[in-house]
Amino acid sequence: MPELKFTEAQEMLRKAVREFVEKEVLPIAHRIDVDNECPVDVFKKMGTLGFAGVFVPQEYGGAGMGLTERAIILEEISRHAAGFAMILMTHHLGVEAILAYGTEEQKRKYLPDLASGRKIGGLAVTEPSGGSDVGGQQTSAEFKDGRWVLNGRKCFITNSSSADVTVVTARTGEDAKGRPAFGAFILEAGTPGFAPGREENKFGLRGSGTGDLLLNDCEVGEEALLGAPGNGAKLALATIAKVGRTGMSAISVGILRGCLEEGVKFAKERILYGKPIAKLQAIQLEIAQNRVDYEAARLLTYQAIGLKESGANCDAEIAAAKYFSTEAAVRSAKRTIDLMGGYGVMNDYPVGRYLRDAMATIPSGGTSHVMQLVIAGQTLA
Amino acid sequence: MAEKRLAIWVVVEQNQGKLAPVSIEVLGQAVRLVEAASALSGEVAVVLLGDQVEDLAEELSAYGVDQVYWVDDPRLKHYQNDSYAAVLQRLVEREKPDILLFGATGAGEELAPTLAARLSTGLAAHCTGLDINADGQLVMKVPAFGGRVLGEIFCPSTSPQMASIKPGTFTVTERRVGRGEIVREDASSLLFDEDIRLEIMDVVQFEPSGLPLEKADVVIAGGYGMGSKKNWGLLEQLAAELQGAVGCTRPALDEGWTAGEHTMIGTSGKTVRPKVYLGCGISGAAHHVAGIKDSGVIINVNRDALAPAHAYSDYCVTDDAKKVVEALLEEIRRTKNEDDSG
Amino acid sequence: MEIAVLLKPVPDPAQYDKIQIDPATGILVRKGLKTVINPEDKHALEAALQLKEQHGGRVALIGMAPASAVETFREGLAIGADEAFLCSDRAFAGADSLATSRVLAKAINKAGPFALVLCGSTSADGGTAHVPSQVGELLGFAHLTHVIQMEISPDGRATVRAKMENGYRESRGRLPLVLGIRRELNTPRYISLMGIMAAQGKPVHVWSLNDLGLDKGKVGLAGSPTQPGKLYQPDMKRKGEVLQGEAREVAQRLVGIFRSAGILG
Ligand SMILES: Cc1cc2nc3c(=O)[nH]c(=O)nc-3n(C[C@H](O)[C@H](O)[C@H](O)COP(=O)(O)OP(=O)(O)OC[C@H]3O[C@@H](n4cnc5c(N)ncnc54)[C@H](O)[C@@H]3O)c2cc1C
Ligand SMILES: Cc1cc2nc3c(=O)[nH]c(=O)nc-3n(C[C@H](O)[C@H](O)[C@H](O)COP(=O)(O)OP(=O)(O)OC[C@H]3O[C@@H](n4cnc5c(N)ncnc54)[C@H](O)[C@@H]3O)c2cc1C
Ligand SMILES: Cc1cc2nc3c(=O)[nH]c(=O)nc-3n(C[C@H](O)[C@H](O)[C@H](O)COP(=O)(O)OP(=O)(O)OC[C@H]3O[C@@H](n4cnc5c(N)ncnc54)[C@H](O)[C@@H]3O)c2cc1C
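Residues numbered from 1 in each chain as written. Chains lettered and ligands numbered in written order. Predicted model: local features only at pLDDT ≥ 70, side-chain atom pairs only at ≥ 80, totals over all residues. Heavy atoms only, no water.

Moving on, we come to the interface of chain B and chain C. Listed per partner, the contact involves 89 residues of chain B and 74 residues of chain C. Here chain B meets chain C over a buried area of about 7200 Å², counting both sides, of which 59% is carbon and sulfur. It is Phe 145, Arg 148 and Tyr 315 of chain B in chain B that bury the most area against chain C; as a group they hold 11% of the surface buried on that side. Across the chain B-chain C interface, the total number found is seven salt bridges. Glu 261 of chain B is the salt-bridge partner of Arg 182 of chain C, the closest N and O atoms lying 3.8 Å from each other. For the pair chain B and chain C, the number of links is 37 residue pairs in polar contact (both at pLDDT 80 or more). Of all the elements, helix α9 (residues 321-341) of chain B adds the most residues to the side of chain B that touches chain C, at 10 residues. Partitioning the side of chain B that touches chain C into residue classes produces 44 nonpolar, 22 polar and 23 charged. (Contact = heavy atoms within 4.5 Å. Buried area = accessible area lost by both parts, 1.4 Å probe. Salt bridge = Lys/Arg side-chain N within 4 Å of Asp/Glu carboxyl O. Polar contact = N/O pair within 3.5 Å; in protein donor to acceptor, adjacent residues only side chain to side chain. Helix = DSSP H or I, 4+ residues; strand = E, 2+ residues; numbered from the N terminus. Nonpolar A, V, L, I, M, F, W, Y, C, P; charged D, E, K, R; others polar.)

And the structure:
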């Protein structure tokens, strides 16, 4: 097994993103959390630099890079502002669905605006009746007189009120065996009958809006259908695995680095008994554990993404990376707060936010239970 | 033939009829060098270029110099590298001084290397020390890496030996009783119209208000850790109470909290040596510390116990700068009241 | 407009506190320091790219550095320059500003012709601020440094503002020019992902002493009129007495310190 080594261009990318994040995102990271508002101008700036279309081929206006580069971007943003990274991470879900399943015409129509960040994307699958249970979706799409009519309610949808283009799954009927069949549709904001509903108030990953999407006799033409009519569930699951789970994993690596660095900084600054607490062995053990969690998450994440990019079947590896990294981020954030004593609980320090963000990464893209089921399923097969 | 004397020239700078303070500082050091190296029998000359600057020539002659080379011409009204370098090159090639010193001002940082290139000789930049060794060689001490490193520089095989000196490095010299000889040069043989490729359109200089940093006994310096323009106001109040001046680091300047560029301290700004320097929310980067290291007492307030600034301090406080400054203001006002009533 | 930008790779100025001198050898230890584009050179490159966007043409990076600095030049290409010329040869080591400028001027002539040469006004490491003027002299171009504003028209007329103490000087001239740029001039753009991709295909030419046809005695330490003596680190450490206690107690101590220094009567 060779060492995890990034190319010169990837290292340059990391350095460039870090510089951007330290100048543009870090100074507003706290405010994004407190106000729970997406700094749209910064998102647009990231768009002009290619972040929004990192893995989109250049012919569609993207940067022509891959998922590893995307993970580097998400990790670097999440080092300081995981909530903000969540917006980009979800935008990529919509982008990937269109890129992987769209017709040439759909790709030409949507990708240039999405890849440049002029438009924001999203993917809406979860419903009150079905998150983990994808088959439990109730939203329906009926084909009438050459048009699709959609009805239902999606919930917990990131970018629900800010997305310009959302890929929405809906039940289109039943397959030959009588199981529900789903289709995926590209819906543009402002389409009659399609509107954001209530906005959730999350305790973590704030800044990224999460809420309902309401479909009331929303009528769209055939050209809105993405992929084959019965292919919606597969499209959603594949997109969530490839882009969603790897993305949440990368976000968690960023949070883990934040915990490690903030912990180290505090341990060196805080003086007790006349010397920095970093000299106390108990504190050193915490730092060591933070380091190991970070390193392990990083390896699992980039390894799984590398496998995916090589075309391997690696749902279990991706699930393992997501499961481990998100859980490790929670552990590490709590550990860092403990290490800081009373200071850890104060909002003057960002670590409390890291804990809240880390908690919120767990359900996003599939819960830890579900990740373990994927891993076990593949292991036992 | 008479033994050759060691000739040190100081190229002085004047702007709109006023001498730049650094010129007098450098001149002072040149005089001190010659006096210290008495065995070498040296002499100090200054070179003054300008338009109708006779009074400055007079003034300069009183600083213990042997000669004032004075070149007066309308084309020399404002410093301009082509014209000034052309005149200096011809003078230097004719008189062959051994050592040529400049103030490292905006203009000096351009003129000195221009002339060094024309003369194919060495130039030491921003010297913090100048000495003459037993061989009569100039030993120039120069900073690099923002002042973290100092190096000695020699110019052994080409002449003249050239050096530039940052403002505030040396102290000014007093005027003397004796007067140097004023040598008025004929500009028409030293400057030709073809020499000049650039035309000066405008020179704008403003007089900063308030007590200049370099004259203040107390400097209250603020850094990025002050956090806001509002907090910055506390530093200004504190300086006012102490009759001092407020200085800043580059990030604080960039944030727009400060009175302007002229209050920045460090390698790209001012060098200060107040009786007391109080730094607030300053990390102590080499580029900043280079400008304060000769201060009397150095105090820093930084909430990071490991900030490099603490190591450069006589006293340090590990706490929130705003809090400490507020407490200090209160304490000073309280003691003043007590003094008044008591 | 054909523009050369002088780009110097320097150790990251944020890490200068870590620079040490090996007590045994007296040599500078820069191990572990990141290499970055000299901060002001980014502003020079930004100015060049803006001119290219207005008037067309090409932007070439030119520098003298060890071959390992290729990555830093690639970064300049990612920001938007078209090609890079890196002068690299053992013989260039130990150069002072004049010997450096000889190499740079020769490379500018060989890679040129250029109507405009832009560089930083001061490097973060050596920081002599000599190179803009000395390259200008060796090329025979008019030159200005500490530039904070400039306007260059396609017909080659230039109006340039150079910073001076508490003000500025504005000059007018014609191309060709060498200009030393200060950070006040502009805000450098960020590296884009598209730029990073494009940089992979852009040429980086590496030139040796022979390629440049320079005389060994005119470059490097041998060709430098200034010669270095010993290096040392100024000891700026002070006693660092920690004032402890509540803000009020600290304030009382501070007032005492001011008093004994002769402040506050
Ligand atoms: C911040 C955030 C952003 C999100 N963004 C989006 C988005 O953009 N688009 C979108 O479509 N969805 C989004 N979601 C929804 C997310 O995908 C779902 O929350 C997730 O799939 C879990 O579904 P649920 O919330 O309905 O929980 P449920 O499925 O109701 O789960 C309840 C509990 O049951 C457990 N459980 C469920 N099934 C099993 C099983 N088979 N075995 C064992 N345990 C099980 C779960 O682990 C959990 O503990 C987002 C969620 C969050 C928190
Ligand atoms: C401790 C120390 C002290 C020194 N003192 C002196 C001294 O007093 N006199 C002296 O002549 N030399 C001195 N030097 C050497 C000098 O720093 C180097 O010669 C250097 O190569 C050129 O000068 P600079 O970095 O000071 O450039 P500056 O003139 O400060 O740089 C201005 C601009 O010129 C361009 N530039 C400079 N060098 C290069 C390059 N190699 N490649 C591409 N572009 C470049 C950049 O655009 C830069 O922003 C010293 C070096 C050290 C380490
Ligand atoms: C070529 C070059 C030339 C330069 N020239 C100069 C120069 O002339 N002058 C100059 O100053 N800089 C100069 N710089 C910049 C210099 O390198 C440093 O970046 C700068 O001095 C750092 O400024 P700072 O200490 O204000 O900010 P920072 O380094 O950001 O430090 C802020 C400090 O404030 C502390 N802090 C934060 N909050 C609080 C609080 N509430 N209470 C107390 N403390 C707090 C932090 O712990 C930190 O130590 C130059 C840089 C380069 C590259």
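Another point: the packing of helix α6 (residues 232-269) of chain A against helix α8 (residues 315-339) of chain A. Residue and element names in this part refer to chain A. Where α6 contacts α8, the two axes come as close as 8 Å, and the packing angle between them is 25°. Taken as axis vectors, α6 and α8 run roughly parallel relative to one another. Note that α6 runs across α8; the crossing there is left-handed. Residues Ala 241, Arg 245, Thr 246, Met 248, Ser 249, Ser 252, Val 253, Ile 255, Leu 256, Cys 259, Gly 263 and Phe 266 of α6 form the contact with α8, whose participating residues are Asp 315, Ile 318, Ala 321, Lys 322, Ser 325, Thr 326, Ala 328, Ala 329, Ser 332, Ala 333, Thr 336 and Leu 339. (Axes fitted to C-alpha atoms, helices over the stretch in contact; angles between N-to-C directions. Parallel < 35°, antiparallel > 145°, perpendicular 65-115°, else oblique. Left-handed = near helix turned anticlockwise from the far one by under 90°.)

Our next topic: the nonpolar core. Ranked by internal contacts, the top residues of the largest apolar core, which has 132 residues, are Phe 51 and Phe 84 of chain A together with Leu 116, Leu 118, Met 150 and Leu 179 of chain C. No other element matches the 14 residues that α6 of chain A contributes to this core. Once residues lying within four places of it in the same chain are set aside, the contact partners of Phe 51 of chain A are Val 17, Phe 20, Met 46, Ile 73, Ile 77, Leu 88 and His 92 of chain A together with Leu 193 of chain C. (Core = buried A, V, L, I, M, F, W, Y, C linked by side-chain atoms within 4.5 Å. Buried < 20%, exposed > 50% of the residue type's maximum accessible area, 1.4 Å probe, protein only.)

With that out of the way, let us pick up the domain arrangement of chain B. All names here are of chain B. Structurally, chain B comprises domain 1 (5-195) and domain 2 (213-341). Centre-to-centre separation of domain 1 and domain 2, based on C-alpha positions: 34 Å. Taken together, the contacts link eight residues of domain 1 with 10 residues of domain 2. The contact between domain 1 and domain 2 buries some 600 Å² in all, and 42% of this surface belongs to carbon and sulfur atoms. Area buried by domain 1 at its contact with domain 2 is led by Gly 146, Lys 166 and Gly 168, which between them contribute 62% of it. If you look at where domain 1 meets domain 2, you find zero salt bridges. For the interface between domain 1 and domain 2, the tally reads six residue pairs in polar contact (both at pLDDT 80 or more). A per-class count over the side of domain 1 that touches domain 2 returns two nonpolar, four polar and two charged. (Domains from an automatic or database assignment.)

Looking now at the site of ligand 1. All names here are of chain A. The environment of ligand 1 is formed by 18 residues, the closest being Val 125, Thr 126, Ser 132, Thr 367 and His 369. Leu 123 is positioned with one of its backbone polar atoms (N or O) 2.9 Å from a nitrogen atom of ligand 1. Phe 156 places a main-chain nitrogen or oxygen 2.9 Å from a nitrogen atom of ligand 1. For ligand 1, whose accessible area on its own is 960 Å², the fraction buried by protein is 66%. Counting residues per element, the ones that place at least two in the shell around ligand 1 are α4 (82-101), β1 (121-124), β3 (147-158) and α10 (368-380). Split into classes, the residues belonging to the shell around ligand 1 amount to eight nonpolar, nine polar and one charged. Split by domain, the shell around ligand 1 shows at least three residues from each of two domains, domain 2 (122-232) and domain 3 (234-380). (Near = heavy atom within 4 Å. Areas by Shrake-Rupley, 256 points an atom, 1.4 Å probe, with all protein chains shown as cover.)

Here we come to the site of ligand 2. What surrounds ligand 2 is a group of 33 residues, the closest being Lys 8, Asp 41, Ala 95, Ser 123 and Thr 128 of chain C. At a separation of 2.9 Å, a nitrogen atom of ligand 2 approaches a polar backbone atom of Met 64 of chain C. Gly 120 of chain C is positioned with one of its backbone polar atoms (N or O) 3.0 Å from an oxygen atom of ligand 2. Against a free-state accessible area of 920 Å², the protein chains account for coverage of 91% of ligand 2. Looking at the shell around ligand 2, the elements that each hand over two or more residues are β7 (123-127) and β9 (138-144) of chain B together with β6 (58-64), α3 (97-111), β8 (116-120) and α4 (131-139) of chain C. When its residues are assigned to classes, the shell around ligand 2 shows 17 nonpolar, 12 polar and four charged.

Glancing now at the packing of aromatic side chains. Under the defined criterion, the tally for this structure stands at 14 aromatic pairs over all chains. Ring pairing ties together the aromatic residues Phe 20 and Phe 51 of chain A together with Tyr 190 of chain C, which thus form one cluster. The residue whose ring lies beneath Arg 331 of chain A is Phe 324 of chain A, and the NZ or CZ to ring-centre distance is 5.4 Å. One residue, Lys 110 of chain C, lies across the ring of Trp 207 of chain C, its end atom 5.0 Å from the ring centre. (Phe/Tyr/Trp six-rings, centres within 6.5 Å; stacked < 30°, edge-to-face > 60°. Lys NZ or Arg CZ within 6 Å of the ring centre and 35° of its normal.)

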